[in-house]
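Chain by chain, the residues:
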Amino acid sequence: MTPRRRIRRAALLGAVCALAVTGAGLTGCSSEDPDAGTNGLGKLSADKIQAKAGTAAQAARTVRLHGSVEAAGSTYTLDMRLKADGGTGSVAAEGTTFGLLRVGEQLFLKADAGFWSHDGGDAKAADKLAGKYVKVPQSDPVYKKFSGFTDKDVLLGGLLTLHGTVKTDGRHEQAGVRTIRITGDDGAGGSLDVSLEGTPYPLRLVRAGSAGTIGFSDWNKDFALEQPAKDDTLDYGKQLPSS
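Here is a short report on the structure shown in this document. (Residues numbered from 1 in each chain as written. Predicted model: local features only at pLDDT ≥ 70, side-chain atom pairs only at ≥ 80, totals over all residues. Heavy atoms only, no water.)

### Remarks on the overall build of the chain
A count of helices and strands for the chain gives 6 helices and 12 strands. Across the chain, every contact between residues at least 6 apart in sequence was considered, and the portion connecting residues at least 24 apart equals 51%. Total accessible area computed for the chain in this model is approximately 13400 Å², and 50% of it derives from carbon and sulfur atoms. (Helix = DSSP H or I, 4+ residues; strand = E, 2+ residues; numbered from the N terminus. Contact = heavy atoms within 4.5 Å. Areas by Shrake-Rupley, 256 points an atom, 1.4 Å probe, with all protein chains shown as cover.)

Here you go:
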């Protein structure tokens, strides 16, 4: 077939397909490739998609996590920005909200008086601590309990896990970005939406057993992470007041 005849044939096909769109009811005209303009992730197996998403997440310098996580019988609502040497953001749980900031090994907790006096805590101590970046001693149980929320590798390593047999579950969209979804045990083991555009970053995770939903965004978008000003910092000593 000559180039001119190929062009005429393509034009005729386009006209026929246009009729189908306007209501002629014809099928089989679409030649659109669902992987056109994507990173090609949709052509891979579920296991390979999961592996590439995990590799991309670990290699990223920064990420923002926002959503809810159930752990140890409590539900935590997170909005954290994380990088290799720390993180900053807020955590809400049991009717209270507090800020977390970790720079290197130094962890700070910032909350109002209501947080510090929760469950009968010392009112005077609560007033003293309110609105300050309180340095959390590494020996204090609070450090172990909350520092993980500021650790990118620990948090992503624990969250980006699907349980059971992993399968693909079609193409979807998150915040205007095309994704490929993979599930564990047909959704009972959780689901993960991975970007089909650019780097295959995880964009949304539904945890197994309805244990929370987490969104991932701002991959590789840098943010300031600095020690709080001395006037805003309070070192309570070796042990925080129990509350």
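### Focus: the sheet that holds strand E6 (residues 133–136)
Sheet strands pair via backbone hydrogen bonds, and the direction of the pair is either parallel or antiparallel. Judged by pairing direction, the sheet is mixed, and its 12 strands sit side by side in the order E7-E8-E9-E10-E11-E1-E2-E3-E4-E5-E6-E12 without closing on themselves. This sheet does not close on itself; its edge strands, each paired only once, are strand E7 (166–174) and strand E12 (233–235). Between one strand axis and the next, the sheet turns through 20° on average, direction left out of account. Pairing geometry for strand E1 (residues 62–71) and strand E11 (residues 213–217), over 4 bridges, is antiparallel. For Arg64, the partnering residue across the bridge sits in E11 and is Ser217. The strands that helix H2 (residues 46–59) touches are E7, strand E8 (177–184), strand E9 (191–195) and strand E10 (202–206); relative to E7, the one it contacts most, it runs at about 60°. (Pairing = 2+ DSSP bridges. Axes fitted to C-alpha atoms, helices over the stretch in contact; angles between N-to-C directions.)

### Quick word on the packing of aromatic side chains
A complete count under the given rule lists 7 aromatic pairs for this structure. Measuring from centroid to centroid gives 6.2 Å for Phe216 and Trp219, while their planes differ by 25°, and the two rings are stacked. For the pair formed by Phe216 and Trp219, the shared burial category is buried. Each residue in the set Tyr76, Phe98, Phe115, Trp116, Phe146 and Phe149 is aromatic and connected to the rest through ring pairs, giving one cluster. In this structure, Lys83 packs its charged tip against the face of Phe223, placed 4.6 Å from the ring centre. (Phe/Tyr/Trp six-rings, centres within 6.5 Å; stacked < 30°, edge-to-face > 60°. Buried < 20%, exposed > 50% of the residue type's maximum accessible area, 1.4 Å probe, protein only. Lys NZ or Arg CZ within 6 Å of the ring centre and 35° of its normal.)

### Let's talk about the pattern of salt bridges
For the coordinates displayed, the defined rule picks out 9 salt bridges. Put simply, Asp218 and Arg81 hold a salt bridge, and the shortest N to O gap is 2.8 Å. Here Asp218, found in the loop between E11 and E12, pairs with Arg81, found in strand E2 (residues 74–83); they are 137 residues apart in sequence, far enough to count as distant. Here Arg81 falls in the partly exposed class, since its relative accessible area comes to 29%. For Glu197, the salt bridge is made with Arg178, and the minimal N-O distance between the two is 3.3 Å. (Salt bridge = Lys/Arg side-chain N within 4 Å of Asp/Glu carboxyl O.)

### Remarks on the nonpolar core
Core analysis: the largest hydrophobic core is formed by 48 residues, its most contacted members being Leu65, Leu100, Leu109, Phe216 and Trp219. It is H2 that contributes the most residues to this core, 5 residues altogether. Look past the residues within four positions of Trp219 in its chain and what remains in contact with it is Ala57, Ala60, Thr62, Val63, Leu156, Tyr201, Pro202 and Leu203. Of all hydrophobic cores here, the second largest spans 5 residues; its members include Leu101, Val103, Phe223 and Leu225. (Core = buried A, V, L, I, M, F, W, Y, C linked by side-chain atoms within 4.5 Å.)

### Regarding the pairing of E7
Judged from the 7 bridges that link them, E7 and E8 form a sheet pairing that is antiparallel. Bridging across to E8, Lys167 finds its partner in Thr183. Counted between consecutive antiparallel strands, the loop separating E7 from E8 contains 2 residues, among which Ala175 sits at a positive phi close to 50°.

### A look at the pairing of strand E3 (residues 86–93)
Sheet topology places E2 next to E3; 7 bridges connect them, and they run antiparallel. Each bridged residue has a counterpart across the sheet, and for Asp79 the counterpart in E3 is Ser90. By the bridge criterion, 8 bridges tie E3 to strand E4 (residues 96–103) in an arrangement that is antiparallel. Bridging from a neighbouring strand, Thr88 pairs with Leu101 of E4. Two successive antiparallel strands, E3 and E4, enclose a turn made up of 2 residues, where Glu94 displays a positive phi of approximately 55°.

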